[in-house]
Every structure is written in structure tokens, then in C-alpha cells.
Amino acid sequence: MTRTRTVCPFCGCGCSFYLLSERDRVTGIEPSPSNPVNKGMLCVKGWNAHEFIHSPERLTKPLIRKHGEQVESTWDEALKLVADRLLDIKKQFGPRALAFLASAKVTNEENYLFMKMARATFGTNNVDHCARL
Amino acid sequence: MVGLAATFGSGAMTNSINDFDDADLFLVTGSNTTAQHPLIGSRIINAVKRGAKLLLIDPREIPLAEFADLHLRQNIGTDVAVLNGIMNIIIEEELYDKEFVETRTEGFEQLKEIVRKYPPHVVEKISGVASRDLKKAANMYAKADKAMLAYAMGITQHTTGVDNVKSCANLAMLTGHLGRPATGVNPLRGQSNVQGACDMGGLPNVYSGYQPVIDAAAKKKFEDAWGVAALDDKVGLTITDMMIAAQKGELKALFVMGENPLMSDPDTSHIEQALSNLDFLVVQDMFLSETAVKADVVLPAASFAEKEGTYTNTERRVQLSGKAISPPGEARPDWRIICELSTLAGYPMNYSSPADIMKEINAVTPSYAGITHERLAGGYGLQWPCPNVEHPGTPVLHKDKFSKGLGTFLPCEFKPVAEMPDEEYDFMLTTGRIYYHYHTGTMTRRISILEREAPEALLEIHPDDAKKMGIRNNDVVEVTSRRGAVRLKAEITKRVPQSVVFSTFHFHEAPINLLTNSAYDPVAKIPEYKGCAVKIRRCV
Ligand code: SF4
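If you're wondering where the values come from, they're calculated on a predicted model, not measured in any experiment.

Report on the overall build of chain B, specifying residues and quantitative values.
For chain B, the count of helices and strands is 20 helices and 21 strands. Across the 540 residues in chain B, those meeting the buried criterion constitute 65%. If you take every contact in chain B between residues at least 6 apart in sequence, the share linking residues at least 24 apart comes to 70%. Looking at chain B as shown, the accessible area adds up to about 18,700 Å², and 51% of this sits on carbon and sulfur atoms.

Account for the overall build of chain A, naming residues and giving values.
A tally of helices and strands in chain A yields three helices and seven strands. Helices (α) and strands (β) of chain A occur, in sequence order from the N terminus, as β-β-β-α-β-β-α-β-α-β. In terms of C-alpha radius of gyration, chain A reaches 19 Å, well past the compact-globule figure of 14 Å for 133 residues. Overall, chain A is about 55 × 30 × 25 Å in size when its C-alpha atoms are taken along their principal axes. For chain A, the residues scored as buried account for 66% of the 133 residues in total. Counting contacts in chain A only where the partners sit at least 6 residues apart, residues at least 24 apart contribute 31% of the total. Accessible area for chain A stands at about 4,900 Å²; split by element, carbon and sulfur atoms hold 50% of it. Measuring between centres, the 19 positive side-chain charges of chain A sit 7 Å from its 14 negative side-chain charges.

Tell me what's going on with the site of the ligand, and back it up with residues and numbers.
Cys8, Phe10, Cys11, Cys13, Gly14, Cys15, Leu42, Cys43 and Gly46 of chain A together with Pro38 and Leu39 of chain B make up every residue found near the ligand. Residues of the shell around the ligand, tallied by class, amount to nine nonpolar, two polar and no charged.

Any details on the sheet that holds strand 8 (residues 280–285) of chain B? Residues and values, ideally.
As summarised here, the arrangement of the seven strands in space is 5(A)-4(A)-9(B)-8(B)-7(B)-6(A)-7(A), forming an open sheet in which the pairing is mixed. Both edges of this open sheet fall to strand 5 (69–72) and strand 7 (127–129) of chain A, since each of them pairs with a single strand only. Each adjacent strand pair in this sheet contributes to an overall mean axis angle of 20 degrees, direction not counted. Set on the sheet, helix 3 (residues 108–121) of chain A makes contact with strand 6 (98–102) and strand 7 of chain A together with strand 7 (253–257) of chain B; between it and strand 6 of chain A the angle comes to about 175 degrees.

So, the packing of helix 13 (residues 239–248) of chain B against helix 15 (residues 268–276) of chain B: which residues are in play, and what are the values?
Residues and elements named next belong to chain B. Helix 15 packs onto helix 13 with a crossing angle of 55 degrees between their chain directions and a minimal axis gap of 8 Å. Put simply, helix 13 runs oblique to helix 15. Crossing angle aside, the handedness with which helix 13 passes helix 15 is left-handed. Taking contact as the criterion, the partners of Met243, Ala246 and Gln247 in helix 13 are, on helix 15, His270, Ile271, Gln273, Ala274 and Leu275. Here the contact of helix 13 with helix 15 is composed, by residue class, of five nonpolar, three polar and no charged.

Account for the interface of chain B and chain A, with residues named and values stated.
Taken residue by residue, the interface counts 145 residues in chain B and 97 residues in chain A. When chain B packs against chain A, close to 10,700 Å² is buried across both sides, 63% of that on carbon and sulfur atoms. Its largest share of buried area at the contact with chain A, chain B owes to Leu39, Phe304 and Tyr380 of chain B, together 7% of the area lost on that side. For the pair chain B and chain A, the interface holds seven salt bridges. Close ionic contact of Glu306 of chain B with Arg58 of chain A constitutes a salt bridge, the shortest N to O distance being 2.8 Å. Linking chain B to chain A there are 65 residue pairs in polar contact (both at pLDDT 80 or more). It is helix 16 (residues 334–344) of chain B that contributes the most residues to the side of chain B that touches chain A, nine residues altogether. Looking at the side of chain B that touches chain A residue by residue, the classes come out as 83 nonpolar, 35 polar and 27 charged. With two bridges joining them, strand 4 (residues 63–66) of chain A and strand 9 (residues 297–300) of chain B adopt antiparallel strand pairing. From the neighbouring strand, Ile64 of chain A faces strand 9 of chain B, where its bridge partner is Val297 of chain B.

Can you explain the pattern of salt bridges? Please cite residues and give values.
Residues and elements named next belong to chain B. Evaluated as defined, the whole model comprises 33 salt bridges over all chains. When the shortest N-O distance is used, the salt bridge between Lys294 and Glu272 registers 3.1 Å. Linking Lys294 in the loop between strand 8 and strand 9 with Glu272 in helix 15, this pair joins segments that are 22 residues apart in sequence. By relative accessible area, which is 33% here, Glu272 ends up partly exposed. Look at the salt bridges and you will find they share partners, linking Arg60, Glu460, Glu491 and Arg495 into a network.

Could you give an account of the nonpolar core, with specific residues and numbers?
The biggest cluster of nonpolar side chains holds 59 residues, and the ones touching the most others in it are Trp226 and Phe255 of chain B. Contact partners of Phe255 of chain B, with chain neighbours within four places excluded, come to Val82, Leu86, Ala99, Phe100, Leu101, Phe114 and Met117 of chain A together with Val282, Gln284, Leu299 and Leu341 of chain B. Ranked by size, the runner-up nonpolar core spans 48 residues in total, among them Leu4, Ile91, Met140 and Leu174 of chain B.

Please give an account of the side chain of Ser16 of chain B that cites residues and values.
All names here are of chain B. Within the element layout of this structure, Ser16 appears in the loop between helix 1 (2–8) and strand 1 (25–29). Residue classification places Ser16 among the buried positions, given a relative accessible area of 3%. The contact partners of Ser16, leaving out residues within four places of it in the chain, are Met148, Glu315, Gln383 and Pro395.

With reference to specific residues and values, describe the packing of aromatic side chains.
A full pass over the atoms with the stated rule returns 17 aromatic pairs over all chains. Measuring from centroid to centroid gives 5.1 Å for Tyr96 of chain B and Phe108 of chain B, while their planes differ by 45 degrees, and the two rings are tilted. Placement of Tyr96 of chain B in the loop between helix 4 (79–92) and helix 5 (98–104) and of Phe108 of chain B in helix 6 (residues 108–115) is noted, with a sequence separation of 12 residues between them. Relative accessible area serves as the criterion here: at 13%, Phe108 of chain B is assigned to the buried category. Each residue in the set Phe10, Phe17 and Phe52 of chain A together with Phe287 and Phe304 of chain B is aromatic and connected to the rest through ring pairs, giving one cluster. The residue whose ring lies beneath Arg60 of chain B is Phe502 of chain B, and the NZ or CZ to ring-centre distance is 3.5 Å.

So what's going on with the domain arrangement of chain A? Residues and values would help.
Under the domain assignment, chain A is made up of domain 1 (2–47) and domain 2 (63–129). The C-alpha centroid of domain 2 of chain A is placed 32 Å from the C-alpha centroid of domain 1 of chain A.

Explain the environment of Asn139 of chain B to me, and be specific about the residues and the numbers.
All names here are of chain B. Looking at the secondary structure, you find Asn139 in helix 8 (residues 131–143). Separated by 254 residues in the primary sequence, Asn139 and Gly393 have C-alpha atoms spaced 34 Å apart. Those residues within four positions of Asn139 in sequence are excluded, and the remaining contacts are Glu93 and Leu95. For Asn139, the side chain forms a polar contact with the side chain of Lys143, separated by 2.9 Å.

Procedures and definitions
- Residues numbered from 1 in each chain as written.
- Chains lettered and ligands numbered in written order.
- Predicted model: local features only at pLDDT ≥ 70, side-chain atom pairs only at ≥ 80, totals over all residues.
- Heavy atoms only, no water.
- Helix = DSSP H or I, 4+ residues; strand = E, 2+ residues; numbered from the N terminus.
- Buried < 20%, exposed > 50% of the residue type's maximum accessible area, 1.4 Å probe, protein only.
- Contact = heavy atoms within 4.5 Å.
- Areas by Shrake-Rupley, 256 points an atom, 1.4 Å probe, with all protein chains shown as cover.
- Rg over C-alpha atoms; globule rule 2.2 N^0.38 Å.
- Lys, Arg positive; Asp, Glu negative; His and termini not counted.
- Charge placed at Lys NZ, Arg CZ, Asp CG, Glu CD.
- Near = heavy atom within 4 Å.
- Nonpolar A, V, L, I, M, F, W, Y, C, P; charged D, E, K, R; others polar.
- Pairing = 2+ DSSP bridges.
- Axes fitted to C-alpha atoms, helices over the stretch in contact; angles between N-to-C directions.
- Parallel < 35°, antiparallel > 145°, perpendicular 65-115°, else oblique.
- Left-handed = near helix turned anticlockwise from the far one by under 90°.
- Buried area = accessible area lost by both parts, 1.4 Å probe.
- Salt bridge = Lys/Arg side-chain N within 4 Å of Asp/Glu carboxyl O.
- Polar contact = N/O pair within 3.5 Å; in protein donor to acceptor, adjacent residues only side chain to side chain.
- Core = buried A, V, L, I, M, F, W, Y, C linked by side-chain atoms within 4.5 Å.
- Phe/Tyr/Trp six-rings, centres within 6.5 Å; stacked < 30°, edge-to-face > 60°.
- Lys NZ or Arg CZ within 6 Å of the ring centre and 35° of its normal.
- Domains from an automatic or database assignment.

The structure is reproduced here in C-alpha cells:
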């Protein structure tokens, strides 16, 4: 069994817990006893944070809309399509016709890259996130 | 967090979660803390048990009310009036911190000017809070040695959200409850990494570390760091304006990472129209959310357990989270997807790991300069600003001076909720979260124990109102606003005052944001989730 220190994916308290895992399955959660934020405690959401990870409803393949239906595709096809379409629209209507919504749920590193992509790759400051909530 | 930035020069929680153990008094407003931030809620309750005072300003009888020494139940959206009323008394009775006001602030005369217009009897009329309670509140807060003010979305989600925040800041400055441990103005952020998404420049007007895109020096710095010729020097669109631009056909493509605006945003049918009007919608997520169903391309993303990286909590603490397992099927961490996509689009990104990305963040973001993965791995996080690798981080902001030098009083006049109840739409609907669920429910609704405890949306309604309309517990009612209608079960409770109903947006079966008003604060662009006019009827 492996123990990995992680941060709770829910509210802004940022409680820290160890995920217990075995053969690529998370089997349990153990609050970090010495973390100054939660000092060994968690709320009911944190205690159960591992359950949604193995939900059968997780997406496992890219989807592309074809003839109105979302169908599974390869990464190569999906990413190529996204890059081509965004560049096309930029060429035709200018960079301000593109917009990017960052996420209050993913990491700092990912949010940094995401806004860098919006600004450096596609040339627009149309980046925001839903945390005006 | 625009309101705080204008007042202090920095828009984050001024103090730390550990400070909640040491305060003598808490002023909690617009935060159902035990539901939204359970671990902070329990710290407040423990502090009260050992003798700290709790002053609550909230229209609803939330669980914390049981522990409050004084609970002001103001009419919805009258926060500015109540806070002005409290300041009026503090100035009138000379309870304010003269030394702090003189040495650390500017604009006191303007504050006096405005606040003078809000004597207790006027505020009582506007807010429904009795004069003697206002006086008690003013005395409690002003006379406490260490008073912590905490608020959440009940303060920001109004058309006057920025004014509400400024008023909180005015009150804390007036009484000198700032810049010391266990004091301060403390916005409790709702999601695990809202703070980080803002810090990293997930905003239309700033790069990482709040460096403005309209600042020529900042623009040059990022052009050099990123090796691009010319970055956009105009402020971009906020999410609210994106939706408007999409409806008008000016915005053609939207790329959504890990969000579900079709559930979380107000006036859902407008959002739906806006999204349908796009030429191209990409959604990158763990689940096929309501928004992802509409997408032209859906990219499967890894969960927090399946990747490495840092998150910044509400007290500005940056923490490292490890990778426990591999993603399911072909799902990938968001950062890998972005790197590949950017490379395909002609701008190569070759990072070997999140630690590698953090090195670039350190180099271009002064407040994060000393926050490396190496340091984080050995400890319990670092609170920004952390300007170099020797720096221990900053638990209390604005100690000897504010980020912008002097703190500025920015007094505000009271303005009512944009859409007040009238004869036809005779109830005020207010929205929020419950303990068992989180945000639009994409994660928590897939956790069985949480579903067991709270399987469906309920509409809280006062017993007197229910009686008048012949509504009993668990009756299905239809709630209608000018924008849409939703059916859900009634829960009869005195948690809500008369003529007010409450529900949450966690449940897609009862998408409450079909009803809410997208009228938003003109500066912060936060929509008014906390108040709109609705009518109610019992379904038979
Ligand atoms: S365990 Fe509960 S209180 Fe802690 S971060 Fe998660 S949701 Fe918030």
C-alpha cells in the first residue's frame, strides 16, 4: 500500500490528507495529523473525496462531435481538430473571437499554462474563471 | 476581490486559518461557514466555546446562529446600510482607533461624510435591524482586542458586491482590526483553488501575481519571458461579458477547463443560448458535465489524485499535492493536454513536470518567487508573498503598512437589490451551498454517502408563508422568476425569514440558476445570486 500526500479538491480550506492506494486504486483517506490547516481533521466531503475518482462515469477517451453525436476519438485527432479550429477562427475573426475559462479546481501550474496558452499561443486576454462565484 | 484590492492594494485573506483559534471576536457575514468551510466553522465554534464572542450578520438562521452572541438578520442585500450604520455609531461614540486611522489610512473625512447619513433609525428602516442591536454590534466589534471579520459569497454575490467588500474593509480599518494576528478582513474562498486561479492570472486583466496586462513594463516582461513579439495590451472579457459576446455572435470559440458554467452561472437559459451560438466549444473535464454535453470536443482530464501540482488555499497557503494513481483509460493531466495543444498550434511548450512549470512561475511572479516544489515537499506549504527561497512566507498581510502604502477608506452608499419583489413576483429567492455538496455537484453527487444525506434540492420556506399557501413539508412547488421555472420539494423552516426562500445550485434536476438574475456588479462582474424576485405555487 502506498500513502500519497494530497490536498482536498473541494472547498478553499485546503485540508491535507494522505490517499491510501493499492495497484492504482485509491482505497482510503487518512487526514494529515500535523498539517496546520486541518490538524488531523476533515469534514464529511474530505473523508469521502476519493470516491468520485473511480466513478464509472469518468471520461476515458476524447469525444468529437460528428453528425451531431459525440463519438470517441484518438487524442491525435481531437487535439489536431482543436488546434486547427482555434487557429482558423483566430485567422478569420481575430484573437478576440476566442475565449478561455480557467479553473478553480485544477493546479496552479495548470492555470498558469492555460493563461499562457490563451495569451502567448492564441494572442487574447479573454481569460477568466468561474470563481466570480 | 476587487474591493479589497482597491482599499488595501491586495485582494486576499489578510490573516490565517490558525488565527481563528486566537481571536476574541468574530464578525461573520455572508458566510454559512459550517457548510461552505466546515473546518473553519468548527474552529469558530471551538473558539466561542472557550469564550470568544460571535457576531453574526446574516438573513438566514444558519447553524452558526446557535453559537452567536448577537445575530443581526438584515433584509437581503442591505449589507452596506448595516455596515454603514455600525460605523456611524462607532464614529458618533468615538469608539474608533484614532491612532490607526491617523497613521495608516486616508479618506477618513469622506467616510464620515457618507456614514453620517446612516444613523441607526434610518438603517433600521432599510434593513429591519433594530437600533439597539446595531449599537450592541458596534460596541462589540469596536471594543474587542482582536476581532476577525470573515465573509464569503453572501457578501460578494450581489450587484453591490464590491461595495459590500469595501464596507467590510472600511469597518476593519476604522477600528484598527488589521495588520495584527487574529484580526483582519478574511474572504473565505469557495473552491479549492480559486485563490490560485486568480494568482496565476486566470483573469482578463492581469498576468500571474496580479501584474496588469495594460502595464507596458509588465507586458514587456512577459513578452521577453515567453519569447513572443506582441502580447494583447487590452483587458479581455470577463465570463459574464463572454456570454454576452457569444450571444451577439462576436465570440466564436470557447475553451472551458474543468468548469461547468451551464450549472454554476446565473440565468442558465441565456448561457445555454450563448453556448449554442458559438462556432466551437471545447470542454476539458473529468466528467461529461452539463456543459460538456454541448461541446464539439471533450478532452478527458485527470483528477487531483492522478497528477502532481500545487493548490493555493483561502489563506494564501500554497501546498503540494502528489500523484497517487494513474488516470483512468486515456485521461491526461490538464497540464499535459495544454502543452500538446499549444505545441500543435505552433507555440511549443516543453515542460517535463509541474515542478518544471513552477520554476517559470517563480521567475515571473514576485509573490511566488520563493515557492518551489522542493521547499513545499518538505513542509506544510508556504503563504505568499514569499519573495525568495529563504523567505518563510507571510501569515499576516499589511503588518506595518498596506501593500499600497496607506489604506484608503472607500465609503459607499446603500443601493437595493437589482430585482426587488413586487406584486407578481412576491418572494425573494436567495441561493447558497449545503454541507453535503460542493459547487455544481459533478464530484460530490458521485459520492454515495453524500447523496444519501442530501439526495435532492429543497426549497426552504418560512412556516407562515407555507401556511398561507397551503404548502406542507415535501410538497412539490414550482418557483418561477422572470427567466425560468424550477420544480422542487419544499422544506418548511424558520431558517429563512418571511417572504424569502432559499435553495442551492448543486442539483441538476432542479437547476436553480435558471431563475437567478445575471445583473452583476459593475466592477467585479459577480452576478447577483443572492437575491432575485420569484413567485411560488404548489403543484398538485
Ligand atoms: S475536508 Fe472539508 S473543510 Fe477540508 S478542504 Fe475538504 S471540503 Fe473543505
